[in-house]
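Secondary and tertiary structure notes
Here is how the chains run, residue by residue.
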Amino acid sequence: MTRQRRAGGRAPDPKGAGRTGAGVKGRGLVARAGAGSRMEGWQGWDEYAPFYDWENARTLGRQDVRFWRDLARRIGGRALELGCGTGRVLLPVGRTGVSLVGVDRSAPMIARARRRVRQARLSARVSLVRGDIRALPFGPAARFDLVMAPYGILQSLVREADLAATLASVGDVIAPGGLFGIDLVPDLPVWAEYRKRVRFRGWRRAGRAHVTLVESVRQDRARRLTIFDQEYVERRGRHRARRRFSLVFRTLSVAQMTRRLERAGFEITAVLGDYGGRPWDPRADVWLILAKKT
Ligand SMILES: C[S@@+](CC[C@H](N)C(=O)[O-])C[C@H]1O[C@@H](n2cnc3c(N)ncnc32)[C@H](O)[C@@H]1O
C-alpha cells in the first residue's frame, strides 16, 4: 500500500479487493465482497506486487525507514519483520548488519524481496520465509530480540481473532525483554469514499509501459474496515492489461491496540507521534507503539 499525506494526516492508499486470479493480460478478475464482509486482509497483495514499489515511490517516501534502521541498530541481535513485502524496510535494516528474517504470506511479494536481498549480497544475514503472521512459521527455539510491524501490517488483520492470534504468535517468538515495534496508519477511517478516481498515471518498465491506476474507496464503519478497490491498466504498445484487486484494512485506535497488547502479555514502553521520537498525541499523524514482552 502506499502512504501519503492527506487532509493533514498521512494515509496509505492501500488498495484493493478480494482475492483475484493472477492478472492475465487483457483480463482482470475481481472478487468483490459486499462492504468487505468476506474479505481477508492477506488478499490482494499477490496482484499488487508488480505495482507496489512503483506506486510507493510516488506517494510514500521513506520517512519510516530510518526509524526502523536506528531501532534495529540499537537493539542489535536478531530481528523479524512481519509482512516484509518487497523488502522496502527489510533491505535498509539488513544493511545495518543485524541478522534479520522477513516473513510474508504473498509469494510474489516475497519473490521480489528475495531478488533484492540477493542483488544486495545480504543473503548471509537476511533471510525470507513465506508464512502467515497469525501463525509464525518458526519452531519453539526461535527467539527474536526485535519484532517489527511496519506500515500498518497489523491493520491487515481484519478480525479480532486474527489480531489475537498474531499477538500470541509474536509472543511465542520474541525473546524475553525483546521489543515489539508497531507502526499503524492512522487516518484510513477518515478517507472519503469515492468511486473510480484516477489516482496515478505514469510510466513503468523503464518507459516501456504506461500505467493508470483507478481507485475506489469504501468504508465499513461498523467493522472499522477501509476497502480499496484498485484497477491498474497497463498499456504496452497495442496491448492492454487490466488488473483488479482489493485490499482491506481494519483500524483500531491507539488505546484499543495498546489494551490488546497488554492483554497479550506486552508492556507498552512508548507511544510515539512521529519517526523522530516525539510523544504521541491524538492529532499525531504517525502512530508508533513500542512494547516489551513481559
Ligand atoms: C503494506 S505491505 C508492507 C510491506 C513492507 N513491510 C513495507 O513496509 O513496505 C503489507 C504486506 O503484508 C503482507 N501480509 C498481509 N497479511 C499477511 C498475513 N496474514 N501474513 C503474512 N503476511 C501478510 C502482504 O502480503 C504485504 O506484503
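One structure accompanies this document, and this report is about it. (Residues numbered from 1 in each chain as written. Predicted model: local features only at pLDDT ≥ 70, side-chain atom pairs only at ≥ 80, totals over all residues. Heavy atoms only, no water.)

1. A word on the packing of aromatic side chains
In total, this model carries 16 aromatic pairs according to the counting rule given. Where W45 meets Y52, the ring centres are 6.5 Å apart and the plane angle is 65°; that geometry is what we call edge-to-face. Here W45 falls in the buried class, since its relative accessible area comes to 14%. Through a chain of ring-to-ring contacts, the aromatic side chains of W45, Y48, F51, Y52, W54, W191, F200, F228, Y232, F245 and F249 assemble into a single cluster. Over the ring of W42 we find R105; its NZ or CZ atom is 3.7 Å from the centre of that ring. Lying over the aromatic face of F266, K293 brings its terminal NZ or CZ to 5.3 Å of the ring centre. (Phe/Tyr/Trp six-rings, centres within 6.5 Å; stacked < 30°, edge-to-face > 60°. Buried < 20%, exposed > 50% of the residue type's maximum accessible area, 1.4 Å probe, protein only. Lys NZ or Arg CZ within 6 Å of the ring centre and 35° of its normal.)

2. Side note on the sheet that holds strand β10 (residues 225-236)
Reading across from one edge, β8-β9-β10-β11 is the order of the four strands in this open sheet, with antiparallel pairing throughout. Across the chains shown, the open sheet's two edge strands, defined by having one partner strand only, are β8 (194-204) and β11 (239-250). Between one strand axis and the next, the sheet turns through 20° on average, direction left out of account. (Pairing = 2+ DSSP bridges. Helix = DSSP H or I, 4+ residues; strand = E, 2+ residues; numbered from the N terminus. Axes fitted to C-alpha atoms, helices over the stretch in contact; angles between N-to-C directions.)

3. Overview of the pattern of salt bridges
For side chains bearing opposite charge, pairing can occur when the charged atoms are close. Tallying each qualifying case throughout the model produces 17 salt bridges. Across the salt bridge formed by R116 and D53, the nearest N and O atoms sit 3.5 Å from each other. Residue R116 is found in helix α4 (residues 107-119), and its partner D53 is found in helix α1 (residues 45-59); the two are separated by 63 residues along the sequence. Classification of D53 as partly exposed rests on a relative accessible area of 31%. Here R260 and E160 are joined by a salt bridge, their closest N and O atoms 2.5 Å apart. You can see R260 sitting in helix α6 (residues 254-263) and its partner E160 sitting in helix α5 (residues 160-173), a full 100 residues away along the chain. (Salt bridge = Lys/Arg side-chain N within 4 Å of Asp/Glu carboxyl O.)

4. Let's talk about α6
Restricting attention to buried positions, one finds in α6 the residues V254, Q256, M257, T258, R260 and L261. On its buried face, α6 is in contact with α5, β7 (174-184), β12 (266-272) and β13 (287-293). Of the residues trailing α6, G265 is marked for its positive phi of about 95°. (Contact = heavy atoms within 4.5 Å.)

5. As for the environment of R240
Residue placement: R240 occurs in strand β11. Relative accessible area serves as the criterion here: at 47%, R240 is assigned to the partly exposed category. Considered as a pair, R240 and A209 are 31 residues apart in the sequence and their alpha carbons are 9.6 Å apart.

6. Comments concerning the environment of A72
Within the secondary structure layout, A72 lies in helix α2 (residues 63-75). For A72 and L179, which are 107 residues apart along the polypeptide, the C-alpha to C-alpha distance reads 9.9 Å. Apart from the residues within four sequence positions on either side, A72 is in contact with V93, V98 and L146.

7. A look at the nonpolar core
Nonpolar side chains in soluble globular proteins generally cluster together in the buried interior. Among the nonpolar cores identified, the biggest contains 29 residues, and L80, L82, L154 and F180 are the most heavily contacted of them. Not counting chain neighbours up to four residues away, the residues in contact with L82 comprise V103, I133, L136, V147, M148, A149, P150, I153, L154, V170 and F180. One finds A72, V89, L100 and L179 within the second-largest nonpolar core, a separate group that totals 27 residues. (Core = buried A, V, L, I, M, F, W, Y, C linked by side-chain atoms within 4.5 Å.)

8. Quick notes on the site of the ligand
Of all residues adjacent to the ligand, which total 20 residues, the nearest are Y52, E81, G83, R88 and D104. Between the ligand and the protein, one listed contact pairs an oxygen atom with a side-chain N or O atom of Y52 at 2.6 Å. Between the ligand and G83 there is a distance of 2.7 Å, counted from a nitrogen atom to a backbone nitrogen or oxygen. Partitioned by chemical class, the residues of the shell around the ligand number ten nonpolar, five polar and five charged. (Near = heavy atom within 4 Å. Polar contact = N/O pair within 3.5 Å; in protein donor to acceptor, adjacent residues only side chain to side chain. Nonpolar A, V, L, I, M, F, W, Y, C, P; charged D, E, K, R; others polar.)

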